[in-house]
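So you can see what is in the structure, the chains are spelled out below.
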Amino acid sequence: MPAGATYETIATTTLTATTASVTFSSIPGTYTDLILVTNVKTSANTMRATAITFRANSLTGSTDYGLMFTGLYETTRSNGSYDGGFGALSWDVTPSEEFGTMTRTQFFNYANTASKKSYVSLAGGDAANSNYRGIEMYVGGINTTSAITSIEISLQADNTNTIGTGYIISLYGIKEA
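Residues numbered from 1 in each chain as written. Predicted model: local features only at pLDDT ≥ 70, side-chain atom pairs only at ≥ 80, totals over all residues. Heavy atoms only, no water.

(A) Examining the packing of aromatic side chains more closely. On inspection of all chains with the given rule, the structure shows 7 aromatic pairs. With 5.6 Å between their ring centres and 90° between their planes, Phe54 and Tyr65 make a pair best called edge-to-face. In this pair, Phe54 is assigned in strand 4 (residues 48–56) and Tyr65 in strand 5 (residues 65–73), connecting sequence segments 11 residues apart. Exposure class is identical for Phe54 and Tyr65. Each is buried. Summarising the aromatic geometry, the rings of Phe54 and Tyr119 are spaced 5.0 Å apart at their centres and angled 90° between planes, so their arrangement reads as edge-to-face. Taken as a pair, Phe54 in strand 4 and Tyr119 in strand 9 (residues 117–127) lie far apart in primary sequence, 65 residues in all. Cluster of aromatic residues (ring-pair linked, three or more members): Phe54, Tyr65, Phe107 and Tyr119. (Phe/Tyr/Trp six-rings, centres within 6.5 Å; stacked < 30°, edge-to-face > 60°. Helix = DSSP H or I, 4+ residues; strand = E, 2+ residues; numbered from the N terminus. Buried < 20%, exposed > 50% of the residue type's maximum accessible area, 1.4 Å probe, protein only.)

(B) Here's a closer look at the environment of Gly125. With respect to the helices and strands, the residue Gly125 is situated in strand 9. Gly125 sits 52 residues away from Tyr73 along the chain, and the two C-alpha atoms are 9.3 Å apart.

As structure tokens, this is what we get:
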């Protein structure tokens, strides 16, 4: 972040009920970058991979998103890549209990219509009743030159997970001073 830049809150959602997704729309193009911070809880009841995902401008094509990731977990490490219909903020292997995850994602140069979009996401998580913990880092791209004007955050896991009550998702703009 350049010296003198400031964060401005664009929108914050504090959930009062579980939900399948949260959408920030009408994002103004007046900032240099966007910062998305999620503090969510999955409510999975069986072992499965759970991804906290996003879609920018409702893009869902099989080549709209690409990413590389690395993760360090309680007893294992992983890395890999993904191309598909959504971008990932975190890809936790969720135990058979609630799992809280916080992510911080920066979308670079999101309003520029001359270049494709890129992002970096850092995630950390902790299971409610066990010692399962993990940290992850993602570097990704969005195959569009359109300015990002909406971001939908959701969970991907057999359509059985929801974002839990009381959790907070915030979007900030970085405005160069």
